[in-house]
There are 2 protein chains.
Amino acid sequence: MKRLRITDPDFDKAFRRIVEDRRESASGVASDVADILARVKAKGDVALAEYTQRFDDHQLTDDTDWQIAPETCKAAYDALEPELRDALDLAAERIRAYHLAQIPENRDEVDPAGVRLGALWRPVDAAGLYVPGGRASYPSSLLMNAIPAKVAGVERLAVVTPTPKGQTNALVLAAAHIAGVDEIWRVGGAQAIAALAYGTDRIARVDVVTGPGNAWVAEAKRQLYGVVGIDMVAGPSEILVIADGQNDPDWIAADLLSQAEHDPDAQSILITDDPLFAEQVEDRIDVQCAMLSTRKVARQSWDDHGVMIVVDHLDQAIPLANALAAEHVELAMTEPEPFLDAIRHAGSVFIGRMAPEAIGDYVAGPNHVLPTGRRARFASGLSVLDFMKRTSFIQLDPASFQRIGPAAAALAHAEGLPAHAQSIEVRLK
Amino acid sequence: MKRLRITDPDFDKAFRRIVEDRRESASGVASDVADILARVKAKGDVALAEYTQRFDDHQLTDDTDWQIAPETCKAAYDALEPELRDALDLAAERIRAYHLAQIPENRDEVDPAGVRLGALWRPVDAAGLYVPGGRASYPSSLLMNAIPAKVAGVERLAVVTPTPKGQTNALVLAAAHIAGVDEIWRVGGAQAIAALAYGTDRIARVDVVTGPGNAWVAEAKRQLYGVVGIDMVAGPSEILVIADGQNDPDWIAADLLSQAEHDPDAQSILITDDPLFAEQVEDRIDVQCAMLSTRKVARQSWDDHGVMIVVDHLDQAIPLANALAAEHVELAMTEPEPFLDAIRHAGSVFIGRMAPEAIGDYVAGPNHVLPTGRRARFASGLSVLDFMKRTSFIQLDPASFQRIGPAAAALAHAEGLPAHAQSIEVRLK
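Residues numbered from 1 in each chain as written. Chains lettered and ligands numbered in written order. Predicted model: local features only at pLDDT ≥ 70, side-chain atom pairs only at ≥ 80, totals over all residues. Heavy atoms only, no water.

As recorded in an unreviewed UniProt entry, chain A goes by the name Histidinol dehydrogenase, listed as coming from Tsuneonella suprasediminis. What UniProt states about chain A under its Sequence similarities (unreviewed entry) heading is, verbatim, "Belongs to the histidinol dehydrogenase family." As stated in UniProt under Function (unreviewed entry), the record for chain A gives "Catalyzes the sequential NAD-dependent oxidations of L-histidinol to L-histidinaldehyde and then to L-histidine." (UniProt positions renumbered as here; feature names shortened; annotations may be inferred.)

Below you can see the structure in the form of structure tokens.
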């Protein structure tokens, strides 16, 4: 863990190093992934079965080897303890409500020149969602990806997920039932992304692929970008907590650890104007961490990537936050509103003392798929827009054509495109 | 040129071949581009000067070698013939008006559970725009990229453009003046994209890079996707004209040729329910094409990629159009409105007989940067959203926290993330 004070003579340099630190290692799997994609494109289901046998020790023969039926998902949902079922239902309902308000409005207007102009937003026909197997297989992540797709109006939503040795995750299946997933395919890795992008005899092609995955999955998405739409490539998670000295150190310690327990490469940063408070938080992190079942990961993340910055005035946190462009920013202070306005680059902001980041991971409503690795400078969290596209349109009548057509013809001639000019001029006669 | 009739016994197969035909060749420049990016990242301006000398025969020494001053752009604008200046001004004004209405609204609401939820849209700090040199250097393209960035509120807009042997394009400079471009750098190719993404001593890093370019530029954008935001990778242009027999064949021939003259790999497709009309259009294409200064390109595109499909009823064009997901779709018919509704996948639709595609290239207002190569299935034209990003936010008070906190804690425990649960539970006490 790094301790910085803004009054340190080399603060700027040390802070710059933190901003520029890439916690994402180049994966070196590009050529292996390219081979897998090419093989699935050429051989389809045969290649899928081979890779699934090799990587997941799962044999794809009968239909039930390939797919998990909707009834299985419903049964998993019905078998949940009531408290968990209610929690998943509440999460789904709140995520749905938040994303419903994201649906963009169509435009259809006639401008002063008499030209009809507009735009129509429509969902893609089909979306694919990657759900990791094993430890990182989270029902909350399924809800956060699947619900925006369904709210957007996507008719066919196909999940791909590896089931090592045939094992499935009951919570994820229950979440798929709640979210209305249409198909679940028991394939994973780069080969699953290839199947979604190219299509095979069994798995029909989709238009957009989203969802988290390991280095192979991320590289497959990167290579297929343009063949299908994809969500932003995601790196290790990160949180920036800006806290005054009036917080309970136990609360802030828990918030920092909640990020750290995700991944040894995750990053938790505290900025405070109270050096004593910083020390108290550090102590509480040590105490709490020792009691976590995830302590190994959390400890490593905090030791390797944790940062505590003490500033003289909390306002000094604003330019630091904008440089960090963090995925999550907590504003644990008495007057957070000016900070919400001034921090321009952040995936999501958690305002005040009662908004720990974990509430946003599950039940607040906004999406928890957010830009990492300083990408909040230019990228946004997942939304219904990732599952929709816009078609613009124009219509003219002879009068409006006479008004703006000559300018188009002049520009076409100037650009050396005579057929463009011709298509205007034949209509001006 | 291919002629198909929907009644042909092998129509489905032939049509499928057209849909799946990739006119984009794999460029094979990936490793060369990777070398250039690495070298610019390591050596900055020194590498830029070396590449610019080698590829553009232009020496970067003094400031005026590196940059084109705003005064030079203003002088280029002032020197335009009045007709052209007015045409550029009209185009800019109409593009600006259309894109202004794209600015998304922020959200800030309190939901029934008492949770404050919202989202703030903000522009990126800086955007970079690639402008090709030589033949494909179009002032209209500069306006279509630069104006949405400025409408979005981007404070710093930097153009990079190669100036082979020092040559510049007066029309492009005039367009840069109109659009309010802040910097113009005389560098091009993959090295220019690297400079924008990584920053050098002279050229500050940007957040988003847009604009057309050759295979090297496209590959550089693809490799740097994630380091910066980029617009969709673009392929050769295409048009689908759906026309009844009541059109003037000369008009439709000109429209098809206007697409063909862009690029030998461009594609023009006509669907009509009138076989005689199809023949007339074909004749008029031959006559018009012979008179074009761009006839070589237009002829090659039409011969290699042109398609004419005769259907029995115009309604049969709808599923064909959805499968093609064309960049541009013209509806040259008496009752186009049902077609606008039913064609779900298209970059932009040109409604009625008085809306040739070229009017949209220049002065209609909607963006002419549109998804190609069937990507309208999942992608949209360039808009102000490409230069903005969204920060979501949440705020709870103790009462709303008690309402939804327990569900979050239950889910965190179920996902095996105890620090997540802890950060909720310390606040529930």
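Anyway, onward from the coordinates.
A. Up close: the domain arrangement of chain A. The domain architecture assigned to chain A consists of domain 1 (2–22 + 235–364), domain 2 (30–111 + 123–230) and domain 3 (396–428). Centre-to-centre separation of domain 2 of chain A and domain 3 of chain A, based on C-alpha positions: 48 Å. (Domains from an automatic or database assignment.)

B. Spatial organisation of the interface of chain A and chain B. Across the contact, 123 residues belong to chain A and 124 residues belong to chain B. Between chain A and chain B, a total of about 10,300 Å² is buried, with carbon and sulfur atoms accounting for 58% of that surface. When residues of chain A are sorted by the area they lose upon contact with chain B, A:Tyr225, A:Met354 and A:Arg427 head the list and together hold 8% of the total. The closest approach of N and O atoms between A:Asp255 and B:Arg427, which form a salt bridge, is 2.7 Å. Counting across the interface, chain A meets chain B through 71 residue pairs in polar contact (both at pLDDT 80 or more). By residue number, the principal contributor to the side of chain A that touches chain B is helix 17 (residues 398–414) of chain A, which donates 10 residues. For the side of chain A that touches chain B, a count of residues per class yields 70 nonpolar, 26 polar and 27 charged. Where strand 13 (residues 348–351) of chain A meets strand 14 (residues 388–395) of chain B, 4 bridges bridge the pair, whose relative direction is parallel. By the bridge assignment for strand 14 of chain B, A:Phe350 is matched with B:Ile394. (Contact = heavy atoms within 4.5 Å. Buried area = accessible area lost by both parts, 1.4 Å probe. Salt bridge = Lys/Arg side-chain N within 4 Å of Asp/Glu carboxyl O. Polar contact = N/O pair within 3.5 Å; in protein donor to acceptor, adjacent residues only side chain to side chain. Helix = DSSP H or I, 4+ residues; strand = E, 2+ residues; numbered from the N terminus. Nonpolar A, V, L, I, M, F, W, Y, C, P; charged D, E, K, R; others polar. Pairing = 2+ DSSP bridges.)

C. Structural detail: the nonpolar core. If you look at the biggest cluster of nonpolar residues, it comprises 148 residues, and the most contacted ones within it are A:Leu142, A:Leu143, B:Leu142 and B:Leu143. Residue contacts for A:Leu143: discarding those within four places in its chain leaves A:Leu88, A:Ala91, A:Ala92, A:Ile95, A:Pro148, A:Ala175, A:Ile178 and A:Ala179. In terms of nonpolar packing, the next biggest core, distinct from the first, is built from 66 residues, A:Val228, B:Ala195, B:Val217 and B:Val233 among them. (Core = buried A, V, L, I, M, F, W, Y, C linked by side-chain atoms within 4.5 Å. Buried < 20%, exposed > 50% of the residue type's maximum accessible area, 1.4 Å probe, protein only.)

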